[in-house]
Amino acid sequence: FVSVAVRVRPTSSEEPIAVWAKPTDGHEESRRLCCHRGYVLEEYEFSRVFSPEDDNRRLFLELQGPRLAASVFSGINETLFAYGQTGSGKTHTIFGTREEPGLLQL
């Protein structure tokens, strides 16, 4: 089973690109990501899209973190892979801070 989740980081007003999770109707999870590059609007679909307001605990719970941890402790190999450009929030998501633990601490 492969699940690809995206976490949108807060954007700076100096960036020439805007990225946001496409709003959903009702209580369904966001699966679409919109990207505006000034001259073109693109839309992508993933297993799950998290907004900048979503904290590490929400990611952990909604990505089935407790189930994955139990699976690892029962001897099954699992992989959590963080990918992105420098400064995009990979280290924060995985390791966190004292105030907001990362996925490894949860």
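Scroll up to find the structure.
Residues numbered from 1 in each chain as written. Predicted model: local features only at pLDDT ≥ 70, side-chain atom pairs only at ≥ 80, totals over all residues. Heavy atoms only, no water.

S.K.: An account of the pattern of salt bridges is requested, with residue identities and associated values reported.
M.R.: By the definition in use, this model includes 10 salt bridges. Measuring nitrogen to oxygen at the nearest pair gives 3.8 Å for the salt bridge that ties R48 to E29. Taken together, the residues span a long stretch of sequence, with R48 in strand β5 (residues 48–50) and E29 in the loop between β2 (18–21) and β3 (32–36) at a distance of 19 residues. Taking the relative accessible area as the measure of exposure, R48 reaches 6% and is therefore buried. Between E45 and R32 there is a salt bridge, and its shortest N-O distance comes to 3.1 Å. With E45 in strand β4 (residues 41–45) and R32 in strand β3, this pair connects stretches of sequence that are 13 residues apart. The exposure class assigned to E45 is partly exposed, which follows from its relative accessible area of 44%. Salt bridges sharing common partners tie together K22, R31, R32, E43 and E45. (Salt bridge = Lys/Arg side-chain N within 4 Å of Asp/Glu carboxyl O. Helix = DSSP H or I, 4+ residues; strand = E, 2+ residues; numbered from the N terminus. Buried < 20%, exposed > 50% of the residue type's maximum accessible area, 1.4 Å probe, protein only.)

S.K.: Tell me what's going on with the nonpolar core, and back it up with residues and numbers.
M.R.: The nonpolar side chains of a soluble globular protein tend to be buried with one another. Judged by nonpolar contacts, F50, L59, F60, I94 and L103 together constitute the single largest core of five residues. Not counting chain neighbours up to four residues away, the residues in contact with L59 comprise R7, F50, D54, T93 and L103. (Core = buried A, V, L, I, M, F, W, Y, C linked by side-chain atoms within 4.5 Å. Contact = heavy atoms within 4.5 Å.)

S.K.: Could you give an account of the environment of T91, with specific residues and numbers?
M.R.: Relative to the assigned elements, T91 resides in helix α3 (residues 90–95). On the basis of relative accessibility, which here comes to 56%, the residue T91 falls in the exposed class. It is 8.3 Å that separates the C-alpha atoms of T91 and G102, two residues lying 11 residues apart in sequence.

S.K.: I'd like a rundown of the sheet that holds β2, residues and numbers included.
M.R.: Remark on secondary structure: sheet strands pair via backbone hydrogen bonds, oriented parallel or antiparallel. Read from one edge to the other, the open sheet built from three strands follows the order β2-β3-β4, with strand pairing classed as antiparallel. The open sheet has two edge strands, β2 and β4, and neither has a second partner. The mean inter-strand angle of the sheet, taken between neighbouring strand axes irrespective of direction, is 20 degrees. Sheet analysis places β3 next to β4, joined by five bridges and oriented antiparallel. Paired with H36 across the bridge in β4 is L41. (Pairing = 2+ DSSP bridges. Axes fitted to C-alpha atoms, helices over the stretch in contact; angles between N-to-C directions.)

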